[in-house]
Amino acid sequence: MLDLRLIREQTDLVRESLRRREAEIDLDRILAEDDKRRTLQSEIDELRRQRNELAHSMKGRRPTEEERTRGRELKEREPALETELRRVSETLDAHLQEVPNLVRPDVPAGTGEDAYIEVRRWGEPRQLDFEPKDHVALGELHGLFDFETAAKVTGQKFYFLRNEAVLLELALVRYALDRALAHGFTLLQTPDLARREVCAGAGYNPRGPERQIYTIEDEDLALIGTAEITLGGIHQNEILDAESLPLLYCGLSHCFRTEAGAAGRATKGLYRVHQFTKVELFAFTHPDESDAMHEKLLTIEEEIFQGLEIPYRVVKLCAGDLGAPSARTYDIEAWMPGRGEGGSYGEITSTSNCTDYQARRLNIRFRDPGTGRPRFVHMLNGTAVALSRTPIALLENHQQADGSIVIPEPLRQYAGIDRIG
RNA sequence: GGAGAGGUGGCCGAGCGGUCGAAGGCGGCGGUCUUGAAAACCGCUGAGCGAAAGCUCCGGGGGUUCGAAUCCCUCCCUCUCCGCCA
């Protein structure tokens, strides 16, 4: 959520940001609704002032019949105005929620992959003297995934992990947790469900046609799409000590995605699924520190994939492709030899600086020691490992001519095996 | 799931129809004292909206009343005990 005052006082700045996102948002309508809301609020304030004045004037004595009548009259005029205010506020709020975050100045304008900036590449895709298999074929060869049985038991885009795939998943989790720990993160295993309000605060709308997450019938709960939701909710409605910042959390959870709208998109196997495990990095920072923290999260992500010897490139997303809460997003795209014709890069992590967008909605502030007043913190998130896509890159990059897979060194102590097949 | 107790400012905690945006303490800020620091003492110190006047907020929502942190209803949450269970 953006600050209404910012929209009001620096309309051009907001307009320019929306233009770079190519987002169609009617700011003038929002400004008009805000105007109306404030007018109504003033009228109600005036009415209440009169009511308070009357009540205070008769402290400690019995009111006369005339005063009672006057009090009743004032009270009766309020509900209509309040109803109107509520209606206007709800409309305004709904429209305000649709306004995405202000993008950082270095983010390129436009939409689509052509507008991305490739920041750097790391590692060279291996030159193979054999035809590489994709992870689905490798999984079949070694009995690692069972999509058919999962479809029978649960549905499309679910899977059973089998045998070494289970060991690999747990090893990757453990490896990622240790990396996070080394960087000073507090480890958390979070609930897999969260209140709908918290989900909405993080920018995941549990309602409406564009909902990305599952809701629980008859409960005020949703299955989380990412631990970003539960981690972000930790400090909801709190005023933090400035000295406690930055707060670094690393959360392990399952993630559930409806993938509504993604139907028909050609994605095989584990690339796009309804449930997966993920280790997520999260930071609450001082507003002046968030850009530096964003680079740090990216560095940790890169370190993780360098350790796994998976070639990748880092891209900075263009404004039009950012999620609504994000002011800047870097994706790591891993080289996937089995993807497309002759291999291609596929998204494997994503880290975003959401600045104060989520903090405003979740009401997470810190006390500024200079002024003594509360300010919104900045909130950032980044994938450590997503246990759907990381195995894809791992299996495909480390496959051998005979179809066996070499487990990269840092994972062996956790997995207890050094190869599959 | 059942019974009871409770949810108040950054934190702890009083208040139980008007004198309450809220005692007291802790913490924080400023000062006196001190070579400096600590201790002691004095003062200031909740948040939001609004250009301002002012208005709102004592878990959420609703009600009673001229007037509600205080009374009633309801929901949520926490704690204690019981039940169930991995």
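Bear in mind that the values here come from a model prediction, so they are computed numbers and not experimental data.

Quick notes on the domain arrangement of chain A
- Segmenting chain A into domains produces domain 1 (4-97) and domain 2 (113-420).
- The C-alpha-based centres of domain 1 and domain 2 are spaced at 42 Å.

Some points on the nonpolar core
- Val279, Leu308 and Leu411 are the most contacted members of the largest nonpolar core, which has 54 residues in total.
- Examining the composition of this core, we find that 9 residues originate from one element, helix H7 (residues 164-182), more than from any other.
- With residues up to four places along the chain from it excluded, the contact list for Leu308 reads Leu172, Tyr175, Thr390, Leu394, His398, Pro408 and Leu411.
- With 15 residues, the next largest nonpolar core counts Leu240, Phe282, Leu362 and Met379 among its residues.

Some thoughts on the packing of helix H3 (residues 27-57) against helix H4 (residues 65-97)
- Two elements in contact, H3 and H4, have axes separated by 9 Å at closest approach and are oriented at 160°. By the angle between their axes, H3 is roughly antiparallel relative to H4. Considering only the axes of H3 and H4, their crossing is left-handed.
- Taken together, the residues that form the contact of H3 with H4 break down as 11 nonpolar, 6 polar and 16 charged.

What to know about the packing of aromatic side chains
- Considering all chains together, one arrives at 6 aromatic pairs under this definition.
- The ring of Tyr271 is capped by Arg389, whose NZ or CZ atom sits 3.7 Å from the centre of that ring.

Brief notes about the sheet that holds strand S14 (residues 374-376)
- Strand order in the open sheet formed by 3 strands is S7-S13-S14, with mixed pairing between adjacent strands. The two strands at the open ends of the sheet, each matched to only one other strand, are strand S7 (239-240) and S14.
- Direction of pairing for strand S13 (residues 365-367) relative to S14: antiparallel, over a ladder of 3 bridges. Each bridged residue has a counterpart across the sheet, and for Phe366 the counterpart in S14 is Arg375.

Some remarks on the pattern of salt bridges
- Counting across every chain of the model gives 24 salt bridges.
- Of the charged contacts, one joins Glu280 and Lys278 as a salt bridge, the two residues approaching to 2.7 Å between their closest N and O atoms.

Points about H4
- Between its first and last C-alpha atoms H4 spans 48 Å; for 33 residues at 1.5 Å apiece the expected length is 48 Å, and the two agree.
- Every buried residue belonging to H4 is among Glu67, Gly71, Leu74, Glu78, Leu85, Val88, Leu92, His95 and Leu96, and all of these are buried.
- Buried residues along H4 sit in contact with helix H1 (4-9) and H3.

With respect to the sheet that holds strand S4 (residues 186-189)
- In space, the 8 strands of this open sheet follow the order S1-S10-S11-S12-S15-S9-S8-S4, with mixed pairing throughout. A single partner strand is all that each edge strand has here, and the edge strands are strand S1 (117-122) and S4. Neighbour-to-neighbour, the strand axes of this sheet turn through a mean angle of 25°, independent of strand direction.
- Where S4 and strand S8 (residues 247-256) come together, 4 bridges link them in parallel fashion. Looking at the pairing, Gln189 lines up with Leu252 of S8.
- Most of the contacts of helix H12 (residues 389-397) go to strand S11 (residues 328-336), to which it runs at about 35°, and overall it touches S11, strand S12 (344-353) and strand S15 (378-386).

Describing helix H5 (residues 135-142)
- Within H5, burial applies to His135, Val136, Leu138, Gly139 and His142. For H5, the buried positions fall inside an angular range of 165° around the axis, keeping them on one side.
- Of the surrounding elements, those touching the buried residues of H5 are strand S2 (145-146), H7, H12, strand S16 (405-406) and strand S17 (419-420).
- In this structure Asp134 caps H5, since a side-chain oxygen of it lies 3.1 Å from the backbone nitrogen of Val136.
- Looking one or two residues past H5, Gly143 carries a phi angle of roughly 65°, positive in sign.

A look at the environment of Ala242
- Within the fold, Ala242 resides in the loop between S7 and S8.
- Placed 125 residues apart in sequence, Ala242 and Arg367 show a C-alpha to C-alpha distance of 5.8 Å.

Parameters and conventions
- Residues numbered from 1 in each chain as written.
- Chains lettered and ligands numbered in written order.
- Predicted model: local features only at pLDDT ≥ 70, side-chain atom pairs only at ≥ 80, totals over all residues.
- Heavy atoms only, no water.
- Domains from an automatic or database assignment.
- Core = buried A, V, L, I, M, F, W, Y, C linked by side-chain atoms within 4.5 Å.
- Buried < 20%, exposed > 50% of the residue type's maximum accessible area, 1.4 Å probe, protein only.
- Helix = DSSP H or I, 4+ residues; strand = E, 2+ residues; numbered from the N terminus.
- Contact = heavy atoms within 4.5 Å.
- Axes fitted to C-alpha atoms, helices over the stretch in contact; angles between N-to-C directions.
- Parallel < 35°, antiparallel > 145°, perpendicular 65-115°, else oblique.
- Left-handed = near helix turned anticlockwise from the far one by under 90°.
- Nonpolar A, V, L, I, M, F, W, Y, C, P; charged D, E, K, R; others polar.
- Phe/Tyr/Trp six-rings, centres within 6.5 Å; stacked < 30°, edge-to-face > 60°.
- Lys NZ or Arg CZ within 6 Å of the ring centre and 35° of its normal.
- Pairing = 2+ DSSP bridges.
- Salt bridge = Lys/Arg side-chain N within 4 Å of Asp/Glu carboxyl O.
- Expected span 1.5 Å × (residues − 1).
- Arc of directions from axis to C-beta.
- Polar contact = N/O pair within 3.5 Å; in protein donor to acceptor, adjacent residues only side chain to side chain.

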